[in-house]
Amino acid sequence: MAYRNRVAVLGAGLTRFMRRALETPKELAFEAARAALDDASLEIDDMDAVVSVTAPDAFDGVHMNGEYLADGSGARGKPFMRSYVGGGSGVFGIINGWYHVASGHFDTCLVVGEEKMSSALPHPQGCFNAIYDQFLERPLGVNLLWIFSLEMNRYMTTHNVPMETFAKVAQKNKRNGMDHPSSQSGISGDYTLDQIMDSEVMAWPVQRLMVSPVSDGAGAMVLASEEFVKKRGLDPVWIEGVGWNLDTSYWTNRDLYYPRYVEKAARMAYEMAGVTEPRKEIHVVEPYDPFAYKELHHLEGLQLADKGEAPRLVEEGFWDRDTETGIPATPSGGLIGVGNPISAAGVMKVAEIFWQLEGRAGKRQVKRSVQRGLAQAWGDLMQVGTVVILGKQS
Amino acid sequence: MTEETPSPERISQWRGNIPIHHRYTVGVAGQRFFAALRDEKVILASTCSGCGARFLLPKIYCERCFVDTKEWSPVKGPGYVKTFTLVHRNLDEEVLTEPVAAAVIGWEGVRGGIVHRIGGMDTSQLRIGQKVEPQWREVRTGGIADILYFKPVDRPFHRGGA
């Protein structure tokens with residue numbers, strides 16, 4: 001596949017993630033976009049195009065939420081495009097931004113992800129109810145916890161995974177999140193396994209401390225072409241691969257123990273990046289972790305572990321931030337340890353890989369040396385995988 | 001293609017809604033703007049720290065320069081009608097007993113404007129360029145309805161023309 005431009009990442013910015021932000025969605029978008037421009041030492045006039053990602057309009061409670069967010073995202077008077085694939089949107093926004101620059105049509109693109117879930121009352125779960133089939137599922141009062149618990153049970157039963165292993169994933173991510181400046185108040189922390197396993201059962205087997213919270217927040221990244229980078233004499237991180245894949249919305253007609261759409265998205269990205277042995281060539285990974293089991297589920301879909309092997313590797317510390325022989329997974333703290341403003345959380349995952357590769361992750365910096373990393377998100381009706389691979393080699 | 005029959009009860013259907021309602025925070029800029037409406041009966045504009053433009057509604061950023069704003073100050077003098085309409089039906093398409101006049105109102109030296117109702121006059125005589133000022137509510141709660149409507153600044157000889 002030929003592209004006009006290689007695409008570099010020049011900067012990233014995040015707001016703090018919060019349960020209830022005072023800021024309007026536009027204001028959240030501005031704070032993140034401004035931070036990303038500052039990180040890249042660029043101004044809005046340097047941006048040729050803007051991409052916005054935000055999940056269902058119903059969260060913010062604003063129809064045409066992309067258009068609403070546009071001026072806060074720096075898009076006034078610029079080519080602007082919103083993309084949306086549910087929870088996969090954050091990482092998909094980077095893919096969309098990559099498209100803008102790779103096409104040769106634009107030298108630069110600002111990607112802004114925003115979510116304000118706190119606007120929806122009595123609970124944003126009400127928004128999720130309306131993503132299901134309106135005849136077969138919605139009349140039953142279905143919400144996201146149903147579908148996750150059904151999937152988790154299928155996964156844990158298929159591979160005979162003890163609850164303690166999932167608790168260890170939550171413990172790791174909540175500890176990692178303690179070092180993230182954007183971490184939502186009360187979400188990260190040094191929890192014991194007992195505390196996690198004794199937490200409230202929300203929809204068995206899903207428990208409170210193994211679920212990401214409801215969050216408000218925004219994240220942004222600055223992308224640029226090779227020509228733009230060369231003119232400025234920069235040595236940036238590059239987008240080496242992108243992949244995405246959508247499975248059927250008849251989620252009942254798939255075996256939920258394995259996310260085949262994540263595998264397809266990953267294989268697409270690996271092929272583009274020239275990665276043939278992901279377990280050797282991916283050095284740090286940010287799998288989507290809205291629930292503890294999802295991290296393991298996705299690591300398997302990403303081909304970083306065999307089916308059923310990811311839980312065993314938890315016991316070996318293979319995914320820990322300070323591993324020297326494994327692949328650190330979710331060094332940021334992820335959705336469980338930092339928070340889950342949906343589209344912003346996906347941007348946060350790509351931003352973490354960017355900062356890790358630049359060696360700017362501070363206390364979160366992984367121990368092993370890293371030249372290539374992968375960020376992944378997931379969403380829609382358990383049906384979409386979105387993958388971005390970043391690399392440091394020029 | 002199959003049209004519904006004229007008897008809807010014969011159509012198998014499920015009625016539902018998205019089971020949420022919303023609470024919108026007015027935000028960092030909004031907190032200040034609406035507090036000033038309520039407490040001081042003034043309309044605040046903000047100033048860009050880059051280009052120096054003053055604009056409504058006030059924001060924490062200038063959408064042109066994409067930098068923070070500074071200095072908030074009340075708009076001065078009467079506003080003027082930039083454009084208007086007379087609305088004859090409400091949101092549910094019911095006929096209104098009296099047409100409602102809605103206008104975009106601007107101020108000299110201020111970028112942007114606000115939309116509001118026009119009252120206190122025979123609105124059939126309303127023209128673009130009409131100078132107007134707010135009719136404040138006695139009891140204000142910190143919302144756009146703290147202004148009941150904009151009323152003409154009584155200089156009939158200024159009517160007409162922008």
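Residues numbered from 1 in each chain as written. Chains lettered and ligands numbered in written order. Predicted model: local features only at pLDDT ≥ 70, side-chain atom pairs only at ≥ 80, totals over all residues. Heavy atoms only, no water.

Trainee: How should I be thinking about the overall build of chain A in this particular structure?
Mentor: What chain A contains, in helices and strands, is 15 helices and 12 strands. The C-alpha atoms of chain A give 19 Å as radius of gyration, which agrees with the globular expectation for 394 residues (21 Å, within 12%). Expressed along its principal axes, the backbone C-alpha trace of chain A runs to roughly 55 × 45 × 40 Å. Put simply, chain A has 394 residues, and 68% of those count as buried. Excluding contacts between residues fewer than 6 apart, the proportion of contacts in chain A whose partners are at least 24 apart in sequence is 76%. Just so you have it, chain A exposes about 13,900 Å², and 49% of that area is on carbon and sulfur atoms. Computed over 39 positive and 50 negative side-chain charges, the separation of the two mean positions in chain A equals 1 Å. (Helix = DSSP H or I, 4+ residues; strand = E, 2+ residues; numbered from the N terminus. Rg over C-alpha atoms; globule rule 2.2 N^0.38 Å. Buried < 20%, exposed > 50% of the residue type's maximum accessible area, 1.4 Å probe, protein only. Contact = heavy atoms within 4.5 Å. Areas by Shrake-Rupley, 256 points an atom, 1.4 Å probe, with all protein chains shown as cover. Lys, Arg positive; Asp, Glu negative; His and termini not counted. Charge placed at Lys NZ, Arg CZ, Asp CG, Glu CD.)

Trainee: Help me understand helix 6 (residues 144–159) of chain A, please; the structure alone is not making it clear to me.
Mentor: Count 3.6 residues to each turn of an α-helix, and residues three or four apart come out pointing the same way. All names here are of chain A. For helix 6, built from 16 residues, the straight-helix expectation of 22 Å at 1.5 Å per residue is met to within 8% by its first-to-last C-alpha distance of 23 Å. Residues of helix 6 that are buried include every one of Leu-144, Leu-145, Ile-147, Phe-148, Ser-149, Glu-151, Met-152, Tyr-155 and Met-156, and no others. Looking at where helix 6 begins, the residue whose side-chain oxygen comes 2.8 Å from the main-chain nitrogen of Leu-145 is Asn-143. Positive backbone phi, approximately 55°, marks Asn-160, located one or two places after helix 6. (Expected span 1.5 Å × (residues − 1). Polar contact = N/O pair within 3.5 Å; in protein donor to acceptor, adjacent residues only side chain to side chain.)

Trainee: What is the right way to read the layout of surface pockets from this model?
Mentor: To find leftover empty space, one rolls a probe the size of a water molecule over the atoms. Quantified by volume, the largest pocket comes out at close to 740 Å³. If you trace the largest pocket, you find 37 residues lining it, with A:Gln125, A:Phe128, A:Ser212, A:Pro213 and A:Asn340 closest to the centre. Broken down by element, the lining of the largest pocket gets its largest block of residues, three residues, from helix 6 of chain A. One number sums up the size of the second largest pocket: a volume of about 530 Å³. For the lining of the second largest pocket, the elements supplying multiple residues, two or more each, are helix 1 (25–39) of chain A together with helix 1 (27–40) and strand 7 (114–118) of chain B. The biggest single contributor to the lining of the second largest pocket is helix 1 of chain B, with four residues. (1 Å grid on protein atoms, 1.4 Å probe; cavity = no way out; pocket = protein on both sides within 12 Å on 5 of 7 lines; lining within 4 Å. Points joined across faces, edges and corners; volume = space filled by probe spheres on them.)

Trainee: Sorry, what's going on with the sheet that holds strand 12 (residues 384–391) of chain A here?
Mentor: Two modes of strand pairing occur in sheets, parallel and antiparallel, and in both the strands are linked by backbone hydrogen bonds. Residue and element names in this part refer to chain A. Taken together, nine strands build an open sheet; the order of strands is 3-2-4-8-1-9-12-11-10 and the sheet is mixed. The open sheet terminates on both sides in strands that have one partner only, identified here as strand 3 (80–83) and strand 10 (284–286). Put simply, the sheet's adjacent strands are angled 25° from each other on average, direction ignored. Across the sheet, helix 1 lies against strand 1 (7–14), strand 4 (108–116) and strand 8 (216–225), angled at about 40° from strand 8, the strand it touches most. (Pairing = 2+ DSSP bridges. Axes fitted to C-alpha atoms, helices over the stretch in contact; angles between N-to-C directions.)

Trainee: Can you walk me through the pattern of salt bridges in this structure?
Mentor: If the charged atoms of two oppositely charged side chains come close together, the side chains can form a pair. All names here are of chain A. The final tally for this structure, using the stated rule, is 33 salt bridges over all chains. Among the salt bridges present, the one from Arg-175 reaches Asp-190, with a minimum N-O distance of 2.5 Å. Taken together, the residues span a long stretch of sequence, with Arg-175 in helix 7 (residues 163–177) and Asp-190 in the loop between helix 7 and helix 8 (193–197) at a distance of 15 residues. Overall, Arg-175 belongs to the partly exposed group, its relative accessible area being 38%. For Glu-309, the salt bridge is made with Arg-312, and the minimal N-O distance between the two is 3.2 Å. The class of Arg-312 is partly exposed, set by a relative accessible area of 45%. What emerges from the salt-bridge pattern is a single network uniting Arg-279, Asp-306, Glu-309, Arg-312 and Glu-316. (Salt bridge = Lys/Arg side-chain N within 4 Å of Asp/Glu carboxyl O.)

Trainee: I tried to follow the packing of helix 4 (residues 89–102) of chain A against helix 15 (residues 342–357) of chain A on my own but got confused; where do I start?
Mentor: All names here are of chain A. As a packed pair, helix 4 and helix 15 sit with axes 6 Å apart at the nearest point and diverge in direction by 60°. Put simply, helix 4 runs oblique to helix 15. Facing helix 4, whose interface residues are Ser-89, Gly-90, Val-91 and Ile-94, helix 15 presents Ser-343, Gly-346, Val-347 and Val-350. Residues belonging to the contact of helix 4 with helix 15 are distributed by class as follows: four nonpolar, four polar and no charged. (Parallel < 35°, antiparallel > 145°, perpendicular 65-115°, else oblique. Nonpolar A, V, L, I, M, F, W, Y, C, P; charged D, E, K, R; others polar.)

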